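Survey of secondary and tertiary structure
These are the residues of each chain, in order.
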Amino acid sequence: MMRMMMMKMLMTRFNHHHRGAAKKATVTLLFSRKFVFKSGDNDDDDDVYESFSLDDPRMRNVLDDDASSGNFFIGHPEKNGRGLYASRDVTKNESIFKKKKKKKNDNNNNKAGGGTEGRQKPITSHPTIWNYDLECYLCLGELSKKKKNNNNNNNEEVSSDGRFCSVECERDARASFYETEQTMDLRRMEKYCEENELKFPLMALRIATRSVQRSFRLDANANANAKASVQFMVTQSMRKKLIKEINISEEEVNQMTPEEAARRIRENEEEEEEEQARTNKKEEGAMSIDRKTMKKYANVAELLVHAHVDEHQMFPSWKEEHALLLQTLESCEKIRDSEEEKAKIRSVFDIRWYADLTTRFHLNSFKVEYPVSASSSSSQGDFRAMMEQTLTSSIRTGASNGSAIYAYGSMFNHSCAPNVNVTWPERNHLVEFVANENIKQGEQLTIAYIDLNEDWSLNVAKRRAQLEEAYGFVCECPRCVSETQN
C-alpha cells in the first residue's frame with residue numbers, strides 16, 4: 001500500500017499523458033519518416049520544435065509523403081503529451097504500422113524474432129517468473145509447441161534448451177543475452193521477485209545482461225563491427241563469403257533469401273568471435289568490458305517517457321532491487337574476479353539508471369496476454385482444461401504471459417474510447433496495433449491503458465481513479481468529459 005501511494009505521488013508530478021484528443025489541434029511535429037521541423041539553427045537542441053496547424057502546408061507535405069510509406073507521425077499537441085497521429089485515412093481493421101504499399105518480392109518473416117510487417121518487436125520483454133515452464137524465455141510464445149514437435153517424428157529443427165519454443169529463439173537469445181546470463185547466479189534475484197511478485201527487476205536485468213554481452217562481444221573482436229556493413233544488395237560479396245569461406249554449396253546459396261544468407265554469415269562471424277575471445281582470454285587473461293558499448297546498450301529505452309525521481313525520494317525497495325541486480329551482474333564468470341570490471345558495471349548501472357528505467361517500465365510496459373491454445377483434441381474436457389489453465393495462469397501471474405516495452409507502442413496516448421486495439425496475433429511478444437474504426441487523416445491514434453472489458457470501467461469515476469492512481473493524470477478524453485457532463 002505504501003509503495004502504491006508513493007508511486008501515485010510521483011506519477012501525479014509527472015502528468016504527461018493524454019487527457020482528451022481534439023479533432024483539430026495545433027501540433028508540434030516531433031517525428032515523421034523523413035521530416036523533422038525544428039526552430040532555430042542549433043542542431044544539438046533536440047527539444048525545440050516549431051508548432052503549426054494540421055492544415056499548415058508544411059504539415060500537408062509531410063502527411064502526403066508519409067501516406068506512401070506509413071500510417072502515422074509523432075506529434076506533440078499544445079495541451080497533451082506526445083502522441084501518434086494518422087498521416088492518412090486509416091480504415092477499420094488496418095494495421096497502424098503496416099506500410100500501405102508492399103515492396104515487390106518482400107518476404108515476410110513470421111518467426112518470433114523476425115518482426116512481421118506491421119508487427120512490432122519489443123525493446124525488451126520477459127516472461128512472468130511463475131510461467132517459466134509455459135512460455136518461451138525469449139519471445140513469450142508457448143513452449144507446448146516445442147513439446148509437440150518433440151513428440152512427433154518430423155525433421156523440424158527444435159531448441160536443444162527446454163526454455164525456448166524454437167531453435168531460432170534459442171539462437172537469438174544466445175547471441176543477445178543468454179550466453180552471459182548462463183554464467184550468472186540468478187537465484188537470489190528470481191527468489192526475491194517471486195516472493196514480492198515483481199516483474200520489472202527481471203526486465204531491467206535482461207537489458208543489463210544484453211549490454212554486458214554486447215560489450216564483451218565487441219571488445220573481444222575489434223572487427224565485429226564489420227558485420228554491420230553487410231548489405232542485402234551486396235549479393236556478390238555475400239555469395240563469395242558463403243561459398244568460399246563458409247563452404248556452403250553454390251546450389252544451396254542460390255536458394256537462400258537475403259535474410260537467410262545474412263543470418264548464416266552472422267552465425268559464422270559469431271563463431272569466429274567466440275573463438276577469438278577464447279584466444280584473447282588465453283593470451284591476455286580475462287576479457288575487458290567496453291564501457292562505452294555497454295552504456296550505449298544500457299540506454300536502449302531512454303526515448304520512452306519517465307518520471308524523474310530524486311534519490312532521497314526513491315523507494316527503499318528500488319535500492320534493494322538495484323543491489324540485487326548489481327550482485328547478479330557481478331556474479332558473471334568474466335566479471336566476478338575483477339574489481340576493475342565490477343567498477344565499470346557499477347558506474348553504468350547505477351541507481352539513477354535503475355530508477356529511471358523502472359519508471360519507464362511503470363509508464364510504458366504492456367501486459368502480454370493470450371489464452372493457452374487448445375490441444376489437438378476438441379473434447380469438452382480438453383477445452384475446459386485449456387480455459388482453466390489460462391485462467392489460473394492469469395490469476396497467479398498478474399502479468400499473465402509476460403511484460404514488454406515497445407518503441408512506438410509507448411507513443412500512444414490514452415482514451416477510454418480508443419480507436420486502436422492492441423493484439424498479439426502470433427501468440428508471442430510481437431505486438432500489432434489495429435484500427436478498430438475508420439480514422440481520418442490528422443486524427444490522434446489512441447489505445448486504452450486500462451481494461452475496458454471490466455464491469456467497473458463503465459463508471460467514469462472509477463476509470464479516472466484507476467488512471468490517476470496508475471499514471472498520474474485525470475482523464476479528459478471525449479468519453480469521460482461526455483459522461484461527466486451527463
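Another aspect to go through is the overall build of the protein. A tally of regular secondary structure across the protein gives 16 helices and 12 strands. Taking all 486 residues of the protein together, the buried fraction comes to 48%. Of the contacts formed within the protein by residues at least 6 apart in sequence, a portion of 69% connects residues at least 24 apart. Total accessible area computed for the protein in this model is approximately 25100 Å², and 47% of it derives from carbon and sulfur atoms.

Structurally, Glu-250 can be placed in helix 8 (residues 250-254). Overall, Glu-250 belongs to the partly exposed group, its relative accessible area being 47%. For the pair Glu-250 and Lys-240, spaced 10 residues apart in sequence, the C-alpha to C-alpha distance is 9.6 Å. Discounting chain neighbours no more than four positions away, the residues touching Glu-250 are Arg-239 and Ile-243.

This part covers the state of the cysteines. Structurally, a disulfide amounts to a covalent bond that connects the sulfur atoms of two cysteines. A full pass over the atoms with the stated rule returns 0 disulfides. With no disulfide of its own, Cys-165 lies closest to Cys-139 among cysteine sulfurs, the gap being 3.6 Å. Looking at the unpaired Cys-477, the closest cysteine sulfur is the one in Cys-475, lying at 3.5 Å. Since its relative accessible area comes to 0%, Cys-477 is described here as buried.

This part is about the sheet that holds strand 11 (residues 431-435). Taking strand neighbours across the sheet as the criterion, the 3 strands line up as 5-11-10 in an open arrangement whose pairing is antiparallel. Every other strand in the sheet has two partners, leaving strand 5 (119-120) and strand 10 (420-423) as the edge strands with one partner each. The pairing of strand 5 with strand 11 spans 2 bridges and is classified as antiparallel. Its bridge partner lying in strand 11, Gln-120 is registered against Val-431.

For the structure on display, the rule yields 16 salt bridges. Taking the shortest distance from any N to any O, the salt bridge between Glu-426 and Arg-119 comes out at 2.9 Å. Residue Glu-426 is found in the loop between strand 10 and strand 11, and its partner Arg-119 is found in strand 5; the two are separated by 307 residues along the sequence. A single network of salt bridges, built from pairs that share partners, joins Arg-119, Glu-426 and Glu-432.

Two aromatic rings are characterised by how far apart their centres lie and by the angle between their planes. Using the criterion set out here, one finds 17 aromatic pairs in the structure. Arranged with centres 5.3 Å apart and planes meeting at 20 degrees, the rings of Phe-97 and Tyr-408 form a pair that is stacked. Here Tyr-408 lies in the loop between strand 8 (402-405) and strand 9 (413-414) and Phe-97 lies in the loop between strand 4 (83-86) and strand 5, a separation of 311 residues in the sequence. Between the aromatic rings of Tyr-137 and Phe-164, the centroid separation amounts to 6.3 Å while the plane-to-plane angle is 70 degrees, which identifies the pairing as edge-to-face. On the criterion of sequence distance, the pair formed by Tyr-137 in the loop between strand 6 (124-127) and helix 3 (144-151) and Phe-164 in the loop between helix 3 and helix 4 (167-181) is long-range, its members being 27 residues apart. A residue is classified by how much of its surface remains accessible, and Tyr-137, at 2% relative accessible area, is buried. Taking the relative accessible area as the measure of exposure, Phe-164 reaches 0% and is therefore buried. Members of the aromatic cluster, joined through ring pairs, are Phe-97, Phe-366, Tyr-406, Tyr-408, Phe-412 and Phe-433. Residue placement shows Arg-163 over the ring face of Tyr-137; its charged tip is 3.8 Å from the ring centre.

Of all hydrophobic cores here, the largest spans 55 residues; its most connected members are Leu-325, Leu-329, Ile-345, Phe-349 and Trp-353. At the level of secondary structure, the elements contributing two or more residues to this core comprise helix 4, helix 5 (187-196), helix 6 (200-220), helix 10 (291-298), helix 11 (316-330), helix 12 (339-348) and helix 13 (351-364). When sequence neighbours within four positions are dropped, the list of residues in contact with Leu-325 reads Met-189, Pro-201, Ala-204, Leu-205, Phe-349, Trp-353 and Tyr-354. Counting residues in hydrophobic clusters, the runner-up holds 33 residues, among them Phe-72, Ala-86, Tyr-406 and Val-460.

Let's shift gears to the side chain of Ser-125. Relative to the helices and strands, Ser-125 is located in strand 6. Ser-125 gets classed as buried once you look at its relative accessible area, which sits at 4%. Residues within four places of Ser-125 in sequence aside, it is in contact with Leu-138, Leu-140, Arg-206, Ser-403, Ala-404 and His-429.

Read across the open sheet, the 3 strands follow the order 6-8-7; overall the sheet is antiparallel. Where the open sheet ends on each side, the last strands, each with one partner, are strand 6 and strand 7 (366-368). Between one strand axis and the next, the sheet turns by 25 degrees as a mean value, whatever way the strands run. Across 4 bridges, strand 6 lies against strand 8 in antiparallel orientation. Bridged to Pro-127 within strand 8 is Gly-402.

Take unusual backbone geometry next. Look at Glu-197: it is not a glycine, yet its phi comes out positive at around 55 degrees. For Glu-197, the location among the structural elements is in the loop between helix 5 and helix 6. Taking the relative accessible area as the measure of exposure, Glu-197 reaches 63% and is therefore exposed. Although it is not a glycine, Arg-427 adopts a positive phi angle of roughly 60 degrees. Relative to the helices and strands, Arg-427 is located in the loop between strand 10 and strand 11.

Reading the values: the criteria
Residues numbered from 1 in each chain as written. Predicted model: local features only at pLDDT ≥ 70, side-chain atom pairs only at ≥ 80, totals over all residues. Heavy atoms only, no water. Helix = DSSP H or I, 4+ residues; strand = E, 2+ residues; numbered from the N terminus. Buried < 20%, exposed > 50% of the residue type's maximum accessible area, 1.4 Å probe, protein only. Contact = heavy atoms within 4.5 Å. Areas by Shrake-Rupley, 256 points an atom, 1.4 Å probe, with all protein chains shown as cover. Disulfide = S-S within 2.5 Å. Pairing = 2+ DSSP bridges. Salt bridge = Lys/Arg side-chain N within 4 Å of Asp/Glu carboxyl O. Phe/Tyr/Trp six-rings, centres within 6.5 Å; stacked < 30°, edge-to-face > 60°. Lys NZ or Arg CZ within 6 Å of the ring centre and 35° of its normal. Core = buried A, V, L, I, M, F, W, Y, C linked by side-chain atoms within 4.5 Å. Axes fitted to C-alpha atoms, helices over the stretch in contact; angles between N-to-C directions.

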